[in-house]
Amino acid sequence: MKALKWTLLIVIVISGLLAGVFCVTWMQDELALRKSYLVVSNFNHEIITKGDTGKTKLVALTFDDGPDPQYTPKVLEILKKYQIKATFFVVGENCADYPEIIRQEIKAGHEVENHTYTHPDLVKDRAVSTEEEIVRTGQVIESITGRKPCYFRPPKRLFTSDTVKIAESSGYQLVLWTIGVEHRLSKTPEKMANRVIKAAKPGIIILAHDGRLNRTKTIEALPLIIKGYQKKGYRFVTLQELLAYAPPK
Ligand SMILES: [Zn+2]
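Just so we're clear, the structure is a prediction, and the values are computed from it rather than from any experiment.

Conventions we followed
- Residues numbered from 1 in each chain as written.
- Predicted model: local features only at pLDDT ≥ 70, side-chain atom pairs only at ≥ 80, totals over all residues.
- Heavy atoms only, no water.
- Donors = N, O, S within 2.8 Å, 3.2 Å for Na, K, Ca; no water.
- Helix = DSSP H or I, 4+ residues; strand = E, 2+ residues; numbered from the N terminus.
- Buried < 20%, exposed > 50% of the residue type's maximum accessible area, 1.4 Å probe, protein only.
- Pairing = 2+ DSSP bridges.
- Right-handed = clockwise from strand over helix to strand, strands pointing away.
- Core = buried A, V, L, I, M, F, W, Y, C linked by side-chain atoms within 4.5 Å.
- Contact = heavy atoms within 4.5 Å.
- Axes fitted to C-alpha atoms, helices over the stretch in contact; angles between N-to-C directions.
- Parallel < 35°, antiparallel > 145°, perpendicular 65-115°, else oblique.
- Left-handed = near helix turned anticlockwise from the far one by under 90°.
- Phe/Tyr/Trp six-rings, centres within 6.5 Å; stacked < 30°, edge-to-face > 60°.
- Lys NZ or Arg CZ within 6 Å of the ring centre and 35° of its normal.

**Student:** Please set out the coordination of the zinc ion residue by residue, giving values where relevant.
**Tutor:** The coordination sphere of the zinc ion, as far as protein atoms go, consists of D65 (OD), H115 (NE2) and H119 (NE2), spread over 2.0 to 2.1 Å. Here the donor residues for the zinc ion map to a single chain with the spacing D-x49-H-x3-H. Taken as a pair, D65 in the loop between β1 (58-64) and α2 (72-81) and H119 in the loop between β3 (111-114) and α5 (130-145) lie far apart in primary sequence, 54 residues in all. With relative accessibility at 2%, the residue D65 sits in the buried group.

Below, the structure is given as structure tokens:
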């Protein structure tokens with residue numbers, strides 16, 4: 001009888017611990033999800049984190065940090081397979097190195113936008129000129145594509161009120177995202193995909209990466225995310241299409 005009591009007690013304690021760990025993990029995940037909205041409240045500028053598509057199930061898939069000769073062609077292959085359009089926030093110096101990849105993105109109907117020239121920390125790195133980073137990248141993109149980009153995304157979501165002002169005066173709207181594919185609590189491609197699929201809402205902007213670090217897991221998660229959203233009735237559109245969409249009243 002005594003042994004049974006002890007077993008029961010141990011089971012209760014372990015269950016309690018597991019529930020606690022689950023709860024903390026869930027809360028961290030939820031907070032990370034909401035963070036992208038919080039940053040907006042400090043500024044009197046319009047920072048875009050999602051589109052307003054009403055009940056229409058549109059979603060924008062965006063990729064930062066490319067073009068990259070290893071990962072971007074794989075991303076393009078997947079997008080082609082599922083016949084969807086995406087938006088690439090590219091790094092200027094990578095564009096200068098791999099202009100052919102940018103041409104392929106445009107030829108496939110994707111959108112190319114501005115993610116600085118050298119991917120610096122625009123807040124801490126005082127030697128960096130935000131204006132030069134933005135303008136130079138715009139020029140290199142335009143020289144390859146013939147189109148001047150209109151959206152700017154600061155590296156690692158680091159920006160100040162001045163960054164927004166400089167972006168706006170250079171002809172850009174600052175665009176962040178609603179949910180990121182790469183997340184420290186999502187250790188496998190399946191977990192990465194499930195977290196993003198669970199967050200599905202009309203008008204959201206998904207952030208993924210196609211360069212700078214090892215993106216093998218992102219590439220594996222991508223088809224799962226696309227299939228998950230398509231199963232829920234979503235259509236992938238470019239950022240411009242998402243933000244220009246006027247929901248029926
Ligand atoms: Zn980046």
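**Student:** So, the pairing of strand β7 (residues 205-209): which residues are in play, and what are the values?
**Tutor:** Within β7, 5 of the 5 residues are buried, leaving the element largely enclosed by the surrounding structure. Judged by which residues are buried, β7 turns out to be covered on both faces: I205, L207 and H209 on one side and I206 and A208 on the other are all buried. The pairing of strand β6 (residues 179-180) with β7 spans 2 bridges and is parallel. When the bridges of β7 are listed, I179 appears paired with I206. As a crossover connection, the stretch from β6 through helix α7 (residues 189-198) into β7 is right-handed.

**Student:** Describe in detail the nonpolar core, supporting the description with residues and values.
**Tutor:** If you look at the biggest cluster of nonpolar residues, it comprises 40 residues, and the most contacted ones within it are L61, F63, L79, I206 and Y229. Broken down by secondary-structure element, the contributors of at least two residues to this core are β1, α2, β2 (87-90), α4 (99-107), α5, α7, β7 and α8 (216-231). Residue contributions to this core peak at 6 residues, all from α8. Among all residues touching F63, those that are not within four sequence positions of it are V75, L79, A86, T87, F88, F89, A208, H209, D210 and L222. Within the second largest apolar cluster, 22 residues are counted, among which are F89, V164, L176 and W177.

**Student:** Explain the packing of α2 against α8 residue by residue, including any values.
**Tutor:** Between α2 and α8, the least distance of the axes is 10 Å, while the angle of their chain directions is 20°. As the angle between them shows, α2 and α8 are arranged roughly parallel. At the point where α2 passes α8, the crossing takes the right-handed sense. Where α2 abuts α8, its residues K74, V75, I78 and L79 lie against I219, L222, P223 and I226.

**Student:** Hey, could you go over the packing of aromatic side chains for me, with residue numbers and the actual values?
**Tutor:** Applying the stated criterion to the full structure yields 3 aromatic pairs. Between Y229 and F236 the ring centres are 5.9 Å apart and the planes differ by 55°, which places this aromatic pair in the tilted class. We note that Y229, like F236, is buried. Here the aromatic residues Y229, Y234 and F236 are joined through ring pairs into a cluster of three or more. Above the plane of the ring of Y117 lies R136, whose end atom (NZ or CZ) is 3.9 Å from the centre. Residue placement shows R153 over the ring face of F89; its charged tip is 4.2 Å from the ring centre.

Shape descriptors only; they carry no functional weight alone.
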